[in-house]
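Residue-level listing of the chains:
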Amino acid sequence: MKRKNTLRDLLSAGPEAEAAAQPTTARVPSGAVRAMGLSLGHLREEAQALRASIEAGDTVVELDPALVEGSFVNDRLAADSEGELRALVQSIAESGQQVPVLVRPHPDKTGHYQIAYGHRRLIAVRRLGVRLKAVVRALSDAELVVAQGKENIERRNLTFIERALFAAHLEAHGFDRPTLHAALAVQSAEMTRYLQVARSIPRAVILAIGPAPRTGRPRWLELQRLFAQPQAEDMAAQVVAGPGFRALSSDARFQRVFESLRHGGAAPEAGRFWRNPRGEPVVRIEQSAQGMRLTINERLEPEFGTYVAEQLEALYQGFRSSREGRKAR
DNA sequence: CCACTTTTCAGGAAAAGCCA
DNA sequence: TGGCTTTTCCTGAAAAGTGG
């Protein structure tokens, strides 16, 4: 099997070589690797996938990229950065497309194809106006989404909420749990959390917040719990439509929705301060999932913090009696 | 700037709940 | 009852924050 060996040589590094964590020049020119900022793990996943396809007897063909369409399930909330894409375009222009993409014959349009993984390479190749190196395999819908999921999940490119939405999309398409687990490479417990979040938080709110790359499972779960309270949807809708919301980063948008539901009203602005009459920011007020933290700057107000600590008992008594008063009314 | 602490995230195991 | 889903908890790693 000459072809098999040739292709193997192209992707010579196996998992054993990766374990050494040393870049080998046999696989892809190392300069290009560095330029693209790709992790070795990423290359390993692709190499493994391709090795698997070679072992399955697939051949690499060259296709007109115009005949290749995207998948029927969309998994991303945000497009890849232009910088990353440009680096990939440059790499392919210089050293050619080193790794083929995986496609299947289009189920409805004869002569067309649907991509399973390699979306970014497809875009890059289109820009260059060259032909697309691809492995064509007859994949079922389930196999297609599993392959597509692997492309993103194994690169760890999707945020928590993107995975959750992807899972929800797949579920809506009627895929069973085992397929979902395989597509996202997670256990059933994690899948439950994805679906729970995607089901409980209104889609419009999720889309308005966006991928929130620095917001992970705990806080999304916490937000999902907040949506159990009455009026949560209305409140969130108000926040989302509020002034300046769009201008915030995705993570800040999450934070604003989160805070507004926690406090049942207007979102406090980030990094609040209490100022003394001189206008100095003496107390920094920070809200987290755990609670509220007050940081008292004793350089600005010496011994104020000590005083506040001493007054906690009196403050608490005042807090209790104000609560009782409210209940009695 | 560096070392240390705290927070956050995500993977996974085990227990609990649900349903045919 | 057994299989599957959901909930809860624990853990290690990474990131962020803090203080000297």
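Residues numbered from 1 in each chain as written. Chains lettered and ligands numbered in written order. Predicted model: local features only at pLDDT ≥ 70, side-chain atom pairs only at ≥ 80, totals over all residues. Heavy atoms only, no water.

Identification of chain A as Plasmid partitioning protein RepB from Teichococcus aestuarii is taken from an unreviewed UniProt entry. Among the UniProt annotations of chain A, the heading Sequence similarities (unreviewed entry) holds the following wording: "Belongs to the ParB family." (UniProt positions renumbered as here; feature names shortened; annotations may be inferred.)

Q: How would you sum up the overall build of chain A? Please name residues and give values.
A: Across its full length, chain A carries 16 helices and eight strands. For chain A, the proportion of contacts with a sequence separation of at least 24, taken over those separated by at least 6, is 67%. Accessible surface, chain A: about 18100 Å² in total, of which carbon and sulfur atoms supply 52%. (Helix = DSSP H or I, 4+ residues; strand = E, 2+ residues; numbered from the N terminus. Contact = heavy atoms within 4.5 Å. Areas by Shrake-Rupley, 256 points an atom, 1.4 Å probe, with all protein chains shown as cover.)

Q: Describe helix α12 (residues 217-226), and please don't skip the residues or the numbers.
A: Among the residues of α12, those classed as buried are W220, L221, L223, Q224 and L226. Looking at the buried positions of α12, the neighbouring elements they touch are α8 (160-172), α10 (188-200), α11 (203-209), α13 (232-241) and α14 (250-263). (Buried < 20%, exposed > 50% of the residue type's maximum accessible area, 1.4 Å probe, protein only.)

Q: A description of the packing of α13 against α14 should follow, citing residues and the corresponding values.
A: Running from amino to carboxyl end, α13 crosses α14 at an angle of 140 degrees, the nearest separation of the two axes being 9 Å. Looking at the two axes, α13 sits oblique to α14. Handedness of the crossing formed by α13 with α14: right-handed. Contacts between α13 and α14 involve A232, M235, A236, V239 and V240 on the former and, on the latter, R256, V257, S260 and L261. Considering only residue class, the contact of α13 with α14 consists of seven nonpolar, one polar and one charged. (Axes fitted to C-alpha atoms, helices over the stretch in contact; angles between N-to-C directions. Parallel < 35°, antiparallel > 145°, perpendicular 65-115°, else oblique. Left-handed = near helix turned anticlockwise from the far one by under 90°. Nonpolar A, V, L, I, M, F, W, Y, C, P; charged D, E, K, R; others polar.)

Q: I'd like a rundown of the packing of aromatic side chains, residues and numbers included.
A: Under the counting rule described, the total for this entry stands at three aromatic pairs. Geometrically, the ring pair formed by F160 and Y194 is tilted, given 5.4 Å between the ring centres and 55 degrees between the ring planes. In this pair, F160 is assigned in helix α8 and Y194 in helix α10, connecting sequence segments 34 residues apart. For F160, a relative accessible area of 8% translates into the label buried. By relative accessible area, Y194 is classed as buried at 2%. Between F254 and F258 the ring centres are 5.6 Å apart and the planes differ by 20 degrees, which places this aromatic pair in the stacked class. Of this pair, F254 and F258 both sit in helix α14, four residues apart, roughly one helical turn. A relative accessible area of 1% places F258 in the buried class. A network of ring pairs unites the aromatic residues W220, F254 and F258 as a single cluster. (Phe/Tyr/Trp six-rings, centres within 6.5 Å; stacked < 30°, edge-to-face > 60°.)

Q: How would you explain the sheet that holds strand β4 (residues 113-117) if you had to name every residue and give the values?
A: Pairing is mixed in the open sheet, where five strands are placed in the order β1-β5-β3-β4-β2. Every interior strand has two partners, whereas the edge strands, β1 (60-63) and β2 (68-69), have only one. Both β1 and strand β5 (residues 132-136) contribute to a ladder of four bridges, which runs antiparallel. Its bridge partner being in β5, E62 is matched across the sheet by K133. The sheet strands contacting helix α6 (residues 119-128) are β2, β3 (101-105), β4 and β5, and the helix crosses β4 at an angle near 125 degrees. (Pairing = 2+ DSSP bridges.)

Q: I'd like a description of the packing of α10 against α12, backed by residues and values.
A: How two helices pack is summed up by the angle between their axes together with the distance between the axes. In contact at an axis separation of 9 Å, α10 and α12 are set at 45 degrees when each is read in the N-to-C sense. By the criterion of interaxial angle, the relationship of α10 to α12 is oblique. Note that α10 runs across α12; the crossing there is left-handed. In this structure, α10 uses E190, R193, Q196, V197 and S200 to contact α12, whose residues at the interface are R217, W220, L221 and Q224. A class-by-class count of the residues in the contact of α10 with α12 yields three nonpolar, three polar and three charged.

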